[in-house]
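An overview of the molecular structure
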Amino acid sequence: MGRFEGKVTGAGIGKACALAIAREGGRVVVADIDGSAAIAGAARIAAEAGHALAMDIADAQAVTALFEMAERQLGGVDLLVNNASAMHLTPRDRAILDLDLAVWDQTMATNLRGTLLCCRQAIPRMIARGGGAIVNMSSCQGLSGDTAHTSYAASKAAMNMLSASLATQYGHAQIRCNAVAPGLIMTERLLAKLDECMQRHLRRHQLLPRVGRPEDVAALVAFLLSDDAAFITGQVVCIDGGMLAHVPTYADGGNSRAARPAGETAEAAAAPRC
């Protein structure tokens, strides 16, 4: 039997996470503001295990309808992954003085309000079934400053504290909650936005020599939802290839042990690159 045999998972689930859970026996509800994307994701899950719904995660009535459907068709909710994020707004998500307040409001509505709404619907249903597990998708950008992406970073930092609060408030009811903070994960959407020059620049700041894959994050999410992580709650777990684990000078040759191409000197390694 899989780790999620007989378990019901709902709301805002990334495709790789949904597949990882379904492959281990979970019955999955996939929700996305893009209905075609939700249906395409559910199509890869066994017909008896997957349901799809197009919805805006920031709409309280739509979220209520989602969980009522999950309870009606699948019997309840045991696991929840909040993965929805307003990534389409990040090109307009600038420094504080240049930030359009509409971008801030929309980002908070999707990233933070949407997560809160799903948690509020899931918690009573989990309590009724004797407990459950929640994973909220945060980001390394919620743990460090940047020259842009102000709204996104603030929403993810707030999500970390929302996760800790939930874990504290409902641990007595056998509900666990953790946040996952990915670094450079090469999704199809990100691949379309980053040219090779920027990819090389970002990889220089990782400790591992490759970018992350959605399947890497899905494996971590599945672990945190499973009974293998039964004593883990209230944590923010980075999955970033070591991007936040080193001194700031690492990528500029400040670490003399850092691997360099044959013949490259420390001075050359420290020189500006694209």
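This write-up is about the structure you can find in this document. Since we're looking at a predicted model, the values are computed, not measured.

**Considering unusual backbone geometry**
- Of note, the phi angle at His149 is positive, near 55 degrees, even though the residue is not glycine.
- Its place among the elements puts His149 in the loop between β5 (132-137) and α5 (150-170).
- Look at Gln174: it is not a glycine, yet its phi comes out positive at around 65 degrees.
- Examined against the element boundaries, Gln174 turns out to sit in the loop between α5 and β6 (175-182).

**Some thoughts on a nonpolar patch on the surface**
- Nonpolar side chains collect at one region of the surface, where Leu143, Val236 and Leu244 lie side by side and expose about 220 Å² of accessible area between them.
- Relative to the helices and strands, Leu143 is located in the loop between β5 and α5.
- Take Leu143: its relative accessible area is 42%, and that puts it in the partly exposed class.

**Regarding the environment of Ile96**
- Note that Ile96 resides in the loop between β4 (79-82) and α4 (101-128).
- As a C-alpha pair, Ile96 and Thr147 span 51 residues in sequence and 9.2 Å in three-dimensional space.

**Description of the pattern of salt bridges**
- Across all of its chains, the model carries nine salt bridges by this definition.
- Here Glu71 makes a salt bridge to Arg125, at a shortest N to O gap of 3.0 Å. Highlighted residues: Glu71 in helix α3 (residues 60-74) and Arg125 in helix α4, separated in sequence by 54 residues.
- Relative accessible area serves as the criterion here: at 38%, Glu71 is assigned to the partly exposed category.
- Of the charged contacts in the structure, one is a salt bridge between Arg92 and Asp100, with a shortest N-O distance of 3.5 Å.
- For Arg92, a relative accessible area of 36% translates into the label partly exposed.

Here is what the cut-offs are and how they apply
- Residues numbered from 1 in each chain as written.
- Predicted model: local features only at pLDDT ≥ 70, side-chain atom pairs only at ≥ 80, totals over all residues.
- Heavy atoms only, no water.
- Helix = DSSP H or I, 4+ residues; strand = E, 2+ residues; numbered from the N terminus.
- Patch = residues over 30% accessible without salt bridge, like charges linked within 9 Å, V, L, I, M, F, W, Y side chains within 5 Å.
- Areas by Shrake-Rupley, 256 points an atom, 1.4 Å probe, with all protein chains shown as cover.
- Salt bridge = Lys/Arg side-chain N within 4 Å of Asp/Glu carboxyl O.
- Buried < 20%, exposed > 50% of the residue type's maximum accessible area, 1.4 Å probe, protein only.

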